[in-house]
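# Structure assessment
What follows is the residue order along each chain.
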Amino acid sequence: MIIYNLFPLLAGPFPDWTPHFKRAAAMGFDWIFVNPVQALGASGSLYSISDYFGINQVFVGPGSLSSSKQLRAACTSAEKLGLKMMTDLVINHCAIDSPLVKQHPQWFVMKRGKPANPFCVEPDGSKVIWRDLAQFDHRKSADKEGMLAYFVSVVEHLTDLGFRGFRCDAAYQLPAEFWQNLIGRCRAKHPDIVFVAETLGCSPKQTKSTAAAGFDAIYNSAKWWDFTSPWLLTQYALTRSMLGSISFPESHDTERLFSETDGNLDAMRQRYLFAALFSSHVMMPMGFEYGFRKRLHVVNTRPTDWEEPNIDLTDFITQINGIKKRSAVFSSEGPIEQLTHPNEAILILRKKAAKGSEQALLILNKDPHNNQHLHLDDLYALIDVPPPLHDLSPDWPMDYLPTPFEFDLGPGVARVLTTDGDKRP
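Here's a quick rundown of the structure. Just so it is clear, the structure is predicted and the values come from calculations on it, not from any experiment. (Residues numbered from 1 in each chain as written. Predicted model: local features only at pLDDT ≥ 70, side-chain atom pairs only at ≥ 80, totals over all residues. Heavy atoms only, no water.)

Across its full length, the protein carries 11 helices and 23 strands. Here the C-alpha atoms of the protein give a radius of gyration of 22 Å, agreeing with the 22 Å that 2.2 N^0.38 yields for 425 residues. Oriented by its inertia axes, the alpha-carbon framework of the protein measures out at about 70 × 45 × 45 Å. Every one of the 425 residues in the protein was classed for burial, and the buried ones make up 56%. Considering only intrachain contacts with a sequence separation of at least 6, the fraction spanning at least 24 residues in the protein is 71%. Split by element, the accessible area of the protein, about 17,800 Å² in all, is 52% carbon and sulfur. In the protein, 42 side chains carry a positive charge and 47 a negative one; their mean positions are 7 Å apart. (Helix = DSSP H or I, 4+ residues; strand = E, 2+ residues; numbered from the N terminus. Rg over C-alpha atoms; globule rule 2.2 N^0.38 Å. Buried < 20%, exposed > 50% of the residue type's maximum accessible area, 1.4 Å probe, protein only. Contact = heavy atoms within 4.5 Å. Areas by Shrake-Rupley, 256 points an atom, 1.4 Å probe, with all protein chains shown as cover. Lys, Arg positive; Asp, Glu negative; His and termini not counted. Charge placed at Lys NZ, Arg CZ, Asp CG, Glu CD.)

Encoded structure:
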């Protein structure tokens, strides 16, 4: 999956989504992920859903079509461009003022007779409580079957509107048994439906348990890797044989990378290339391609926050997405090894396809500010299958790869080499 995150508060009403679909399709994306479009509680947060069967009127454009017909029309527009639609499935909590709280109090964690608010603990130890939310009790509810049936009907409703995939918000907070039952029931009617789990911030045990619950993919933490420490490859190896994972250079929960890097174009290119080629799937939020600076906000963002492009990465992203689509290595979750090099500013990863004999080398300048010299006495000693290697690099691909191999890597620049010649552009 090569996923473009259309952030609905920035994109605006449903009839305005098609130009964004066209741009995503032109860049080689094959999925559109849309954050929640359902009716909200008083806080106005996209993740504080009041009515799972209602539609947020902020997204309803003018005209005679109903809100559901406008959404269906948008999904149909995406499908005609070869894009499948995915949305959030937020069933770990709902709005504190949702009618469900009074209709089904037995579905909620209760404290002193009131629904409990979910919370998180920040890295500094401080506790953040979301007082606009009520936490569902998927573990101890006296009516787990009724709650499960309700959420199966929510998935059915969203599928009827045109969604073919679901990003399950904070999936690790729910029991694996619940997910197994929900996914199993939904797939009995819709065999091709896709479920991906948000697992960021959870323990390795929680990650593995969630991954085994029937999901198609989980999210990984490649965005925060320093290109050196072993933790990312350890995390990757934990689940790679079970299901795929999704990398991202930024998300709606992070600062914009263009702001984080002080407008460093080379860092932007480096991070998208790495995210796309590291794991089997990748996701990119709208505006990344233009170097937007304003962080996406689940309450306050509006279409008027659309920025004039600071940069234009659309051609580069198209190249990288093309490499990913053509390569069995970069579109699968095969084993990855980090190889050593005398220059510590150079990362060398050897990745193997999950099936077959194809291998690839990703040789990356970790430094987004300075050139780094690459010297390899024997380039072909880095692979353990017969040569040749073919150069798929987006910058200055070479028809012939000599050994010894010398190359000056520009800031953040990568060499992308693969043993499969049939996948060359």
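From this point, things continue past the structure.
Turning to a positive patch on the surface, a few remarks are in order. Taken together, the side chains of Lys111, Arg112, Lys127 and Arg131 define a basic patch exposed on the protein surface. Among the secondary structure elements, lysine 127 is positioned in strand β10 (residues 127-129). Of the residues examined, lysine 127 reaches a relative accessible area of 52% and is grouped as exposed. (Patch = residues over 30% accessible without salt bridge, like charges linked within 9 Å, V, L, I, M, F, W, Y side chains within 5 Å. Salt bridge = Lys/Arg side-chain N within 4 Å of Asp/Glu carboxyl O.)

In this fold, tryptophan 107 is placed in the loop between α4 (99-103) and β7 (110-111). By relative accessible area, which is 2% here, tryptophan 107 ends up buried. Tryptophan 107 sits 234 residues away from histidine 341 along the chain, and the two C-alpha atoms are 55 Å apart. Leaving out residues up to four positions away in the same chain, tryptophan 107 has contacts with Leu100, Gln135, Phe136, Asp137, Ser141, Asp143, Gly146, Met147 and Tyr150. A polar atom in the side chain of tryptophan 107 sits 3.0 Å from the side chain of aspartate 143. (Polar contact = N/O pair within 3.5 Å; in protein donor to acceptor, adjacent residues only side chain to side chain.)

Turning our attention to the packing of aromatic side chains. Inspection of every chain in the model, using the stated rule, returns 26 aromatic pairs. Aromatic side chains tryptophan 225 and phenylalanine 227 sit 5.8 Å apart centroid to centroid with 70° between the ring planes, which places their arrangement in the edge-to-face category. In terms of burial, tryptophan 225 and phenylalanine 227 fall into one category: buried. What links up through ring pairs into an aromatic cluster is the set Tyr52, Phe53, Trp107, Phe108, Phe136, Tyr150 and Phe151. The ring of tyrosine 219 is capped by arginine 167, whose NZ or CZ atom sits 5.8 Å from the centre of that ring. (Phe/Tyr/Trp six-rings, centres within 6.5 Å; stacked < 30°, edge-to-face > 60°. Lys NZ or Arg CZ within 6 Å of the ring centre and 35° of its normal.)

Bringing the nonpolar core into the picture now. Core analysis: the largest hydrophobic core is formed by 118 residues, its most contacted members being Trp17, Trp179, Leu182 and Phe195. It is helix α5 (residues 144-161) that contributes the most residues to this core, 9 residues altogether. Each of domain 1 (2-330) and domain 2 (336-419) gives at least three residues to this core. Discounting residues that sit within four places of it in the chain, tryptophan 17 has contacts with Leu6, Pro8, Ala11, Gly12, Val34, Val37, Leu71, Ala74 and Met85. Of all hydrophobic cores here, the second largest spans 17 residues; its members include Leu361, Ile363, Leu382 and Phe405. (Core = buried A, V, L, I, M, F, W, Y, C linked by side-chain atoms within 4.5 Å. Domains from an automatic or database assignment.)

A full pass over the atoms with the stated rule returns 17 salt bridges. A salt bridge links arginine 185 to glutamate 145; its shortest N-O distance comes to 3.0 Å. Residue arginine 185 is located in helix α6 (residues 176-189), and its partner glutamate 145 is located in helix α5; the two are separated by 40 residues in the primary sequence. Between arginine 295 and glutamate 255 there is a salt bridge, with the nearest N and O atoms lying 3.0 Å from each other. Of this pair, arginine 295 sits in the loop between β16 (281-285) and α11 (314-326) while glutamate 255 sits in the loop between β15 (244-247) and α9 (257-260); the two residues are 40 residues apart in sequence, bridging distant segments of the chain. With a relative accessible area of 38%, arginine 295 lands in the partly exposed category. Taken together, the salt bridges that share partners define one network made up of Asp88, Arg167, Asp169 and Glu198.

For the pair helix α10 (residues 265-278) and α11, the least separation of the axes is 10 Å and the interaxial angle reads 20°. Of the possible angle classes, the one that applies to α10 and α11 is roughly parallel. The crossing of α10 and α11 is right-handed. Taken together, the residues of α11 that come into contact with α10 (itself represented by Arg269, Tyr272, Leu273, Ala276 and Leu277) are Phe316, Ile317, Ile320, Asn321, Ile323 and Lys324. Of the residues contributing to the contact of α10 with α11, the split by class is 8 nonpolar, 1 polar and 2 charged. (Axes fitted to C-alpha atoms, helices over the stretch in contact; angles between N-to-C directions. Parallel < 35°, antiparallel > 145°, perpendicular 65-115°, else oblique. Left-handed = near helix turned anticlockwise from the far one by under 90°. Nonpolar A, V, L, I, M, F, W, Y, C, P; charged D, E, K, R; others polar.)

Now for the sheet that holds strand β17 (residues 336-339). Pairing within the open sheet is antiparallel, and its 5 strands lie in the order β17-β18-β19-β23-β21. Single-partner strands in this sheet number two, and they are β17 and β21 (390-391). Pairing of strand β19 (residues 359-365) with strand β23 (residues 414-418), which is carried by 5 bridges, proceeds in the antiparallel orientation. Directly across from leucine 361, in β23, lies its bridge partner leucine 417. (Pairing = 2+ DSSP bridges.)

Here we have 8 strands rolled up into a closed barrel, ordered β1-β2-β5-β12-β13-β14-β15-β16, and parallel in their pairing. In this sheet, adjacent strand axes meet at a mean angle of 30° when their direction is disregarded. Both strand β1 (residues 2-6) and β16 contribute to a ladder of 4 bridges, which runs parallel. Considered in β16, the bridge of isoleucine 2 is made with valine 282.

For the bond running from proline 387 to proline 388, omega is 15°, close enough to zero to count as cis. Cis rather than trans, the peptide bond between threonine 403 and proline 404 has omega equal to 5°. Tracing the backbone through its elements, the reader meets proline 404 in the loop between β21 and β22 (405-409). Even without glycine at this site, arginine 112 takes up a positive phi of about 55°. Within the secondary structure, arginine 112 is located in the loop between β7 and β8 (114-115). When its relative accessible area of 85% is taken as the criterion, arginine 112 is described as exposed.

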